[in-house]
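# Structural overview
Single-letter residue listing:
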Amino acid sequence: MNRKVSVSMLISLVAIACAITYVVTVTVSTNMFNRLIGGVTEREEIYSKIQEIDTYVRSASYYDIDEETLINGVVGGYVNGLEDAGARYLTSAQAYKKMQVESGTLISVGFEAEKEESGYIVVSQIYPNSPASSMNIQVGDIITAVDGANVLEMGAENAINALAGDESTNVRLSLQRNGEGFTVTATRRSFTIRSVSSRVVSGYGYIRVDALNAETESQFVSELQNLQAGGVLGYVIDVRSCTGIFEPVSGMLNKFVSGQVIANARYKNGTVSKFAETLGEAEITVPITVIVNEETVGAAELFAISLRDFASAKIVGRQTAGKGTITETKNLSDGTAIVITTAELIPTASNTLSGGIKVDFSVELRGEPDYSPADVSSTDPQISKAFEVIEGMKKA
């Protein structure tokens, strides 16, 4: 049965619809306006307070202002105010070092140093093919002076920064080893960081990845091709204490994982977009085990979990760090930089890395890891377990 609707009723319905639309529009606009004004007000309060303090201190303080320290402190405080565990402020020296490390090429004396309990700095790592690798410098050596300046007086951080410098320049180091003092002069030069190494162990290919940088993909593929040519029975890939950038991961996985989106990125506004994918057809179908630990972080975690999700690899070791986010470095005009989290990383088959990767075979390590195993009966229990597991996979 058809019902007739009067003109007056139609007009009423249209009026109601318009009123609802108006109310919704006003409400949304008001909320957006309030958020915008709130942000402006908060920023004005910040700037006003800093200006008030700065004006007073410059007019009344008995002491001079260290402008560089002041700026670093203000910016560092801003970054620390973010609810972002991955955020940090980098001085110009730190930003330059980060850029070099991620590029895979360093200009330095060729070793890493860190603060020691005494306040001096200690050599913690020596890079192969670097100036330090061919000098009388060893891991564990304590550096007491840099170019004649006492480390305790200049501070450990300044001493570490002083190790850096331009190509072909020299730095004089005073060191102590087993209580004996000696001096060396090192020449800074550029060298490529060797982040991947491999060897054949009892018929299997063992690949160690120290870090992920711009050179890692080509080094990994080269080592993989050499092992493939030798007809290895499977691969044990060691990414313990490995971290770095995401860019090499897709290329490293190409021979193991056929064309596949391996991770997406979810941004603050809710949008999700493709973050990493492999291309082509996988060539390698032999068994794979991956060794991880509590210091396997970010990109290395994505590499490990992708091998399990898409190449049936088994993971051995300890649950990983669980860094399921993507960070971005913003280089500032004065050479400093800030690092902030820009998105959540979502592995396509595992949903999240938050909380870390749960391993298939949990093995605790006491002591130092063995990154150069001679055979499957290594004294490193995580290495031994990885070879035991891959042997079982081959037989299955």
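Residues numbered from 1 in each chain as written. Predicted model: local features only at pLDDT ≥ 70, side-chain atom pairs only at ≥ 80, totals over all residues. Heavy atoms only, no water.

### Observations regarding the overall build of the protein chain
If you tally the helices and strands in the protein chain, you get nine helices and 19 strands. Counting over 396 residues, the protein chain shows a buried share of 36%. Long-range pairs, those at least 24 residues apart, make up 65% of the contacts in the protein chain between residues at least 6 apart in sequence. A total of about 22,300 Å² of accessible surface is found on the protein chain, and carbon and sulfur atoms cover 52% of it. (Helix = DSSP H or I, 4+ residues; strand = E, 2+ residues; numbered from the N terminus. Buried < 20%, exposed > 50% of the residue type's maximum accessible area, 1.4 Å probe, protein only. Contact = heavy atoms within 4.5 Å. Areas by Shrake-Rupley, 256 points an atom, 1.4 Å probe, with all protein chains shown as cover.)

### Some points on the sheet that holds strand β12 (residues 235-238)
Spatially, six strands are ordered β10-β11-β12-β15-β16-β19 in an open sheet, and the strand pairing comes out mixed. In the strand order of this sheet, the two ends are held by β10 (196-201) and β19 (361-362), each with one partner. Across the sheet, helix α6 (residues 216-229) lies against β10, β11 (204-209) and β12, angled at about 15° from β10, the strand it touches most. (Pairing = 2+ DSSP bridges. Axes fitted to C-alpha atoms, helices over the stretch in contact; angles between N-to-C directions.)

### Notes on the pattern of salt bridges
Applying the stated criterion to the full structure yields 17 salt bridges. When the shortest N-O distance is used, the salt bridge between arginine 208 and aspartate 238 registers 3.3 Å. With arginine 208 in strand β11 and aspartate 238 in strand β12, this residue pair connects regions lying 30 residues apart in the sequence. Of the two residues, arginine 208 and aspartate 238, neither departs from the other in class, the shared state being buried. Each of the salt bridges in this network shares a partner with another, and the network as a whole consists of Arg208, Asp210, Asp238, Arg240 and Asp380. (Salt bridge = Lys/Arg side-chain N within 4 Å of Asp/Glu carboxyl O.)

### Side note on the nonpolar core
Counting residues in hydrophobic clusters, the biggest one holds 42 residues, and the most contacted among them are Phe220, Ile237, Phe256 and Leu307. Put simply, the parts of the chain that give this core at least two residues each are β11, α6, β12, α7 (247-253), β13 (260-266), β15 (288-292), α8 (299-311) and β18 (337-347). Broken down by element, this core gets its largest block of residues, eight residues, from α8. Those residues in contact with isoleucine 237 that lie beyond four places of it in its chain are Ile207, Val209, Phe220, Phe256, Ile288, Thr289, Val290, Ile291, Phe303 and Leu307. Counting 19 residues, the second-largest nonpolar core is a separate cluster that includes Tyr120, Ile137, Val146 and Ala159. (Core = buried A, V, L, I, M, F, W, Y, C linked by side-chain atoms within 4.5 Å.)

### Describing the packing of aromatic side chains
Any pair of aromatic rings gets described here by the distance separating the centres and the angle formed by the planes. One pass over the full model with this rule turns up seven aromatic pairs. Taking the centre distance of 5.3 Å and the plane angle of 85° together, the rings of phenylalanine 246 and phenylalanine 275 count as edge-to-face. Of this pair, phenylalanine 246 sits in the loop between β12 and α7 while phenylalanine 275 sits in strand β14 (residues 272-278), and the two are 29 residues apart along the sequence. Exposure remark for phenylalanine 246: the relative accessible area of 15% places this residue in the buried category. With relative accessibility at 28%, the residue phenylalanine 275 sits in the partly exposed group. Of the aromatic side chains, those joined through ring pairs into one cluster are Phe220, Tyr235, Phe256 and Phe303. The positively charged end of arginine 208 is found above the aromatic ring belonging to tyrosine 371, 3.8 Å away from the centroid. (Phe/Tyr/Trp six-rings, centres within 6.5 Å; stacked < 30°, edge-to-face > 60°. Lys NZ or Arg CZ within 6 Å of the ring centre and 35° of its normal.)

### Examining the environment of valine 249
Along the chain, the position of valine 249 falls in helix α7. Taking the C-alpha atoms as reference points, valine 249 and alanine 276, separated by 27 residues in sequence, lie 8.1 Å from one another.

### As for the pairing of β10
In this structure, β10 lies alongside β11, joined through six bridges in antiparallel fashion. Residue pairing in the sheet places valine 201 in a bridge with tyrosine 204 of β11. Linking β10 to β11, which pair antiparallel, is a turn of two residues; within it serine 202 sits at a positive phi near 50°.

### Points about helix α2 (residues 67-80)
Compared with an ideal rise of 1.5 Å per residue, which puts 14 residues at 20 Å, α2 spans 20 Å between its outermost C-alpha atoms and is within 8% of the ideal. By the burial criterion, the buried members of α2 are Asn72, Gly76 and Val79. An end-on view of α2 places all buried positions within 55° of arc, on one side of the element. The inward-facing, buried residues of α2 contact β1 (88-90) and β18. The backbone nitrogen of glutamate 68 lies 3.3 Å from a side-chain oxygen of the residue at the head of α2, namely aspartate 66. (Expected span 1.5 Å × (residues − 1). Arc of directions from axis to C-beta. Polar contact = N/O pair within 3.5 Å; in protein donor to acceptor, adjacent residues only side chain to side chain.)

### A few points about a nonpolar patch on the surface
A grouping of Ile46, Tyr47, Ile50, Leu70 and Val74 is seen on the molecular surface, where their side chains present a nonpolar patch of about 440 Å² in accessible area. Of all the secondary structure elements, the ones that give two or more residues to the nonpolar patch are α1 (7-60) and α2. Here the element with the most residues in the nonpolar patch is α1; it accounts for three residues. Considering the arrangement of structural elements, one finds valine 74 in helix α2. (Patch = residues over 30% accessible without salt bridge, like charges linked within 9 Å, V, L, I, M, F, W, Y side chains within 5 Å.)

### Some details on the side chain of aspartate 370
Note on placement: aspartate 370 falls in the loop between β19 and α9 (381-395). Of the buried charged residues, aspartate 370 lacks a salt bridge, with arginine 199 as the closest side chain of opposite charge at 6.5 Å. Among the polar contacts made by the side chain of aspartate 370, one reaches the main-chain amide nitrogen of serine 372 at a distance of 3.0 Å. Setting aside residues up to four positions removed in sequence, aspartate 370 forms contacts with Tyr206, Arg240, Ser378, Asp380 and Ile383. (Lys, Arg positive; Asp, Glu negative; His and termini not counted.)

### Description of the side chain of glutamine 219
Inspection of the secondary structure assignment puts glutamine 219 in helix α6. Excluding its chain neighbours within four sequence positions, the residues that come into contact with glutamine 219 are Thr192, Ile193, Arg194, Ser195 and Val196.

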